[in-house]
Amino acid sequence: MRFIFAFDERDFIFHQDFVSEGDRKEFIMFLSNLLKDKPYLQFAYMTGILPIAKYSSGSELNMFVEFTMAKSPAFSDYFGFTEAEVTKLYERYLVSCEHPAITQEELKGWYNSHITVKRNFIKG
């Protein structure tokens, strides 16, 4: 039997002030020990905002092929939000937030500033 592992926001630990450098190194070694050259691994899918190589000092995590939204136009159709999705999410935000920190137009501008080769993140 082979397994597929999925790690959403796998780089979250690297953006937290309360996590020590030693903890970060242990996490890299955990991923390496769990995933690298393992016969039980079929596939690993990991999301994050920065490349894996930024956190790995050597060969610990060199077994990944990275696809980025900005550099992989073949995936452009699968990333982003529609205008209707952004509106619905913003309405939910307004219900849960007494003093909104951002307007819907500002939010749209924020996401539309990330452009792939084929389209903006907010698909019309």
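Okay, so let's go over this structure. The structure presented is a predicted model; accordingly, all values stated were derived computationally and were not measured. (Residues numbered from 1 in each chain as written. Predicted model: local features only at pLDDT ≥ 70, side-chain atom pairs only at ≥ 80, totals over all residues. Heavy atoms only, no water.)

Observations concerning the nonpolar core
Among soluble globular proteins, nonpolar side chains are generally buried collectively.
Here is step 1: Among the nonpolar cores identified, the biggest contains 12 residues, and these are Phe7, Phe14, Phe27, Ile28, Leu31, Leu34, Leu35, Leu41, Ala44, Met46, Ile52 and Leu61.
Here is step 2: Among the secondary structure elements, those contributing two or more residues to this core are α1 (21–35) and β2 (41–46).
Here is step 3: Looking at this core, the element that brings in the most residues is α1, giving 5 residues.
Here is step 4: Sequence-distant contacts of Leu41, that is, excluding residues within four places in its chain, are made with Arg2, Phe3, Phe5 and Leu35. (Core = buried A, V, L, I, M, F, W, Y, C linked by side-chain atoms within 4.5 Å. Buried < 20%, exposed > 50% of the residue type's maximum accessible area, 1.4 Å probe, protein only. Helix = DSSP H or I, 4+ residues; strand = E, 2+ residues; numbered from the N terminus. Contact = heavy atoms within 4.5 Å.)

Quick word on the pattern of salt bridges
Here is step 1: Scanning the entire structure with this criterion turns up 2 salt bridges.
Here is step 2: One salt bridge connects Asp11 with Arg10, and the closest N-O pair in it is separated by 3.9 Å. Exposure class is identical for Asp11 and Arg10. Each is buried.
Here is step 3: Its salt-bridge partner being Arg24, residue Glu21 comes within 3.7 Å of it at the nearest N-O pair. In this pair, Glu21 and Arg24 both sit in helix α1, 3 residues apart, roughly one turn of the helix.
Here is step 4: On the accessibility criterion, Glu21 (47% relative accessible area) is partly exposed. (Salt bridge = Lys/Arg side-chain N within 4 Å of Asp/Glu carboxyl O.)

Observations regarding the packing of aromatic side chains
Here is step 1: Enumeration over the complete set of coordinates arrives at 5 aromatic pairs.
Here is step 2: Between Phe27 and Phe30, the ring centres sit 6.3 Å apart and the planes meet at 25°, which makes this aromatic pair stacked. Placement of both Phe27 and Phe30 in helix α1 is noted, with a separation of 3 residues, approximately one turn of the helix. (Phe/Tyr/Trp six-rings, centres within 6.5 Å; stacked < 30°, edge-to-face > 60°.)

So, the pairing of strand β1 (residues 3–7)
Both faces of the sheet carry side chains from a regular strand, because those side chains alternate between them.
Here is step 1: One ladder, built from 5 bridges, connects β1 with β2; its direction is parallel. Note that in β2 the partner of Phe3 across the bridge is Leu41.
Here is step 2: Crossover β1 to β2 through α1 is right-handed. (Pairing = 2+ DSSP bridges. Right-handed = clockwise from strand over helix to strand, strands pointing away.)

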